[in-house]
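# Structural description and commentary
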Amino acid sequence: MATKLYLAEGNARAKATLDLTLQALDGHLRRFETLPDLLADHDDVRAALTTPVDLAARARLNQWLAQKSAQLDSLDIYVMTPDGMTVAASNHERTDSFLGQNFSYRPYFQAALGGEKGRFYAIGTTSGVRGYYFASPVRTAAGAVLGVIAVKIGLDVIEAEWRSQDARIIVTDPEGIVFLSSDPAWLYKGLRPLTPDRLERSQQSRRYADVRLVELPNNRSDAWGVNSITLADGAGELREYVIVGRLLPRADWTVQVLLDSHALHVQARLALATGMLFLGAVAALGLAFLQRRARLAERFALQESAKAELERRVDERTADLARVNHLIEAEVAERRLTEAELRRTQSDLVQAGKLAALGQMSAALSHEINQPLAAARNYADSAAILIDRGEGARAKDNIGHIMSLIDRMAAIARHLRQVARKPDAPLKDLVLADEVAEALALVGPRLAGIAVTQAVPSDLPLVRGGPVRMQQVLVNLLSNAADAVAEVNGAAITLAATVSGGKVQLTVRDNGPGVSAAIADRIFDPFFTTKQVGSGLGLGLSISYNIMKDFGGDPRVATAADSGAVFTMELMIAIQQAEAAE
Ligand code: ADP
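I will try to describe carefully the structure that is included in this document. The shown structure was predicted, so the numbers you read here are calculated from the model rather than taken from an experiment.

The rules behind the values
Residues numbered from 1 in each chain as written. Predicted model: local features only at pLDDT ≥ 70, side-chain atom pairs only at ≥ 80, totals over all residues. Heavy atoms only, no water. Helix = DSSP H or I, 4+ residues; strand = E, 2+ residues; numbered from the N terminus. Contact = heavy atoms within 4.5 Å. Areas by Shrake-Rupley, 256 points an atom, 1.4 Å probe, with all protein chains shown as cover. Expected span 1.5 Å × (residues − 1). Buried < 20%, exposed > 50% of the residue type's maximum accessible area, 1.4 Å probe, protein only. Pairing = 2+ DSSP bridges. Phe/Tyr/Trp six-rings, centres within 6.5 Å; stacked < 30°, edge-to-face > 60°. Axes fitted to C-alpha atoms, helices over the stretch in contact; angles between N-to-C directions. Polar contact = N/O pair within 3.5 Å; in protein donor to acceptor, adjacent residues only side chain to side chain. Near = heavy atom within 4 Å. Left-handed = near helix turned anticlockwise from the far one by under 90°. Nonpolar A, V, L, I, M, F, W, Y, C, P; charged D, E, K, R; others polar. Core = buried A, V, L, I, M, F, W, Y, C linked by side-chain atoms within 4.5 Å. Salt bridge = Lys/Arg side-chain N within 4 Å of Asp/Glu carboxyl O.

## A word on the overall build of the protein
When its secondary structure is counted, the protein shows 13 helices and 20 strands. Considering only intrachain contacts with a sequence separation of at least 6, the fraction spanning at least 24 residues in the protein is 59%. Accessible surface, the protein as shown: approximately 32000 Å² in total, 56% of it carbon and sulfur.

Pasting the structure below:
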């Protein structure tokens, strides 16, 4: 395909070269075309052909012709008589001068003699120089032909110009013989078979003088509408050429332009290769561009997906955060609710605790009060009956019972008052041993059958406290201990006091069941009791606790290793000497 294109291109190029060549040749010939007519009209020319012969005129004509030939750049200008004899010539001085030569055989002469313009291309039979001959008749004033004047021009300059071109240019005569050629090897060779007719015609005109004409073997072909010819070049090498030709009517020549097909093939291949390379480069560029675009698209897609992923993650994270926030908010709200509930529960509990305490208190009090009240009522009823019966002594006993019951209730009332005690009662320095002895004496009857050990040294430092409240605490502790060991065989209570840590530690120990951990931290609460209704109000330890706090001490309870309870009271040591009793 590329070959076809390049052959066609070569064909077009050859045609263009052909046009230029034809124009150049035509122009060149036209320059001289009218010359013989002009020269023929010269008197000296006519004179040279008239009789009798004017030698002086001939001599002048020779000079003039030489001068004109030099001016016009022609090869030769010469005048011939009607029989073909040259009578005047520009080259009259040369040894190979045309003077005396007969050119009657030349077609240009014959044409001119016939009254026409003669033209001919030939090798000079005298000079051996190729040239183009223009000839015109020389006429008398009346128009009769006196002779012929011819101008021979050279074409070597044009031919030389052709050699500088890459195209080969040949000009063939009507017989197909090459007479102008950019390649000298083809000169005077026949492109058509040199038939006897042709040879004969050439021979007659002596166009090629003595040059031996040979055939130039050639092979013509036609491919893709392009004419080709294969010829041997100067080196004898066969080459194929694209060939175009046209007739130059002015000279009856066929000008032909040949372009080396091989060079065209090479060019085609080169162009193809270049085209391929170009296409390859374009393809590579296109590929690179596509790849780049693909990469860019890929990168863009990646970026997009990364962005989308990022956005998704951000959205997810935001959603997570929103969820977490929501959860936190919900939790906070729940906490608040729980807190509020707790507070409510707490206050409910406090309320419940108060109510429980109140319940306990009412139960205790109602029993403590109702029981003696009921008993007192019975005693009073009986007393009334006894009085009615006149049994005054027995009624008096009843009244005595009623009074002791009233005393008991008064004692309860005192107890209650103590719960609502005055905490800021002044403290004194006390001798602890004295207070212990006093308390033992008070509790005395209840300690029957119990081994009581008193280990409170009399030389202990004085302690701060109120004597009545101190005894009240001691009575409470001793009473509780007595209650604890009531069912114990070998019941024992020990009272002891030591100085430790700048304070006096008073302990009341018993060998009862002890205080279980479950109730240890509740036994100091008011109205807490494990005893039967009517047996205890649960106020003893509570009152004692508050009293000890007033004294600056800290009551504690512990269960001894060998079972039983140990109550420890801390007492501050007095700064001044102890005073006597309260
Ligand atoms: P009450 O003696 O009226 O019950 P307390 O306040 O004096 O009130 O005592 C409260 C509770 O402490 C008692 O009910 C008892 O359970 C417990 N308690 C007190 N002292 C002892 C002790 N020495 N051994 C065992 N338990 C004791």
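More follows now that the structure is in view.
## Some points on helix α11 (residues 467-484)
Spacing of three or four residues puts side chains on the same side of an α-helix, whose turn is 3.6 residues. In this model α11 runs 25 Å from its N-terminal to its C-terminal C-alpha over 18 residues, within 8% of the 26 Å that 1.5 Å per residue would give. Along α11, 13 of the 18 residues are buried, which leaves the element largely enclosed by surrounding structure.

## Details of the pairing of strand β5 (residues 145-153)
For β5, a buried count of eight out of nine residues is recorded, marking the element as mostly surrounded by other parts of the structure. Relative to β5, strand β1 (residues 76-80) is paired through five bridges, and the arrangement is antiparallel. Within β5, the position partnered with D76 by the bridge is K152. Linking strand β4 (residues 130-139) to β5, which pair antiparallel, is a turn of five residues; within it G143 sits at a positive phi near 105°.

## Comments concerning the packing of aromatic side chains
For the coordinates displayed, the defined rule picks out 13 aromatic pairs. For the ring pair Y132 and F134, a centre distance of 4.8 Å and an interplane angle of 65° mean the geometry is edge-to-face. Across this residue pair, the class does not change: Y132 and F134 are buried. Through a chain of ring-to-ring contacts, the aromatic side chains of Y121, Y132, F134, F179 and W253 assemble into a single cluster.

## Details of the sheet that holds strand β20 (residues 565-572)
Spatial ordering of the open sheet is given by β15-β17-β18-β20-β19, a layout of five strands whose pairing is mixed. The open sheet terminates on both sides in strands that have one partner only, identified here as β15 (451-455) and β19 (556-559). Across this sheet, the average inter-strand angle for adjacent strands is 20°, counted without regard to direction. Direction of pairing for β19 relative to β20: antiparallel, over a ladder of four bridges. Among the inter-strand pairings, R556 is bridged to a residue of β20, identified as T568. Strand contacts of helix α10 (residues 432-443): β15, β17 (492-500), β18 (503-510) and β20, with the helix running at about 165° to β15, the strand carrying the most contacts. Strand contacts of α11: β17, β18 and β20, with the helix running at about 25° to β18, the strand carrying the most contacts.

## Let's talk about the side chain of T86
Examined against the element boundaries, T86 turns out to sit in strand β2 (residues 86-89). Looking at T86, its side chain comes within polar contact range of the main-chain oxygen of F98, at 3.3 Å. Setting aside chain neighbours within four positions, we find T86 in contact with Y78, V79, M80, F98, L99, G100, Q101 and F103.

## Focus on the pairing of β1
In terms of residue burial, β1 counts as a mostly covered element, since five of its five residues are buried. Judged by which residues are buried, β1 turns out to be covered on both faces: D76, Y78 and M80 on one side and I77 and V79 on the other are all buried. Here β1 pairs with β2 via three bridges, running antiparallel. Directly across from Y78, in β2, lies its bridge partner A89. The turn linking β1 back onto β2 is made up of five residues, and G84 within it adopts a positive phi angle of 100°.

## Quick notes on the site of the ligand
Near the ligand you find 19 residues, and of these N480, D510, T529, T530 and K531 are the closest. T529 places a side-chain nitrogen or oxygen 2.5 Å from an oxygen atom of the ligand. G538 places a main-chain nitrogen or oxygen 3.0 Å from an oxygen atom of the ligand. Isolated, the ligand exposes 530 Å² of accessible area, and the fraction of that covered by the protein chains is 92%. Of all the secondary structure elements, the ones that give two or more residues to the shell around the ligand are α11, α13 (540-550) and β20. With three residues, the single largest contributor to the shell around the ligand is α11.

## Quick notes on the packing of α11 against α13
Helix packing for two helices is described by the angle between their axes and how far apart those axes are. At a closest axis distance of 9 Å, the pairing of α11 and α13 adopts a crossing angle of 145°. The way α11 lies across α13 gives a crossing that is left-handed. Residues R469, Q472, V473, N476, L477 and N480 of α11 touch α13, and the partners they reach there are G540, L541, I543, S544, I547, M548 and D550. Looking at side-chain class alone, the contact of α11 with α13 contains six nonpolar, five polar and two charged residues.

## Quick word on the nonpolar core
Among the nonpolar cores identified, the biggest contains 54 residues, and L25, L29, V79, Y132, I149, L155 and W253 are the most heavily contacted of them. The element that contributes the greatest number of residues to this core is helix α1 (residues 2-33), accounting for seven residues.

## Describing the pattern of salt bridges
This model, assessed by the stated rule, comprises 27 salt bridges. Where D156 meets R130, a salt bridge forms, and the shortest distance between an N and an O atom there is 3.4 Å. With D156 in helix α6 (residues 156-163) and R130 in strand β4, this pair connects stretches of sequence that are 26 residues apart. For R130, a relative accessible area of 11% translates into the label buried. One salt bridge connects E570 with K503, and the closest N-O pair in it is separated by 3.4 Å. Remark: K503 occurs in strand β18 and E570 occurs in strand β20; sequence separation between them is 67 residues. By relative accessible area, E570 is classed as buried at 15%.

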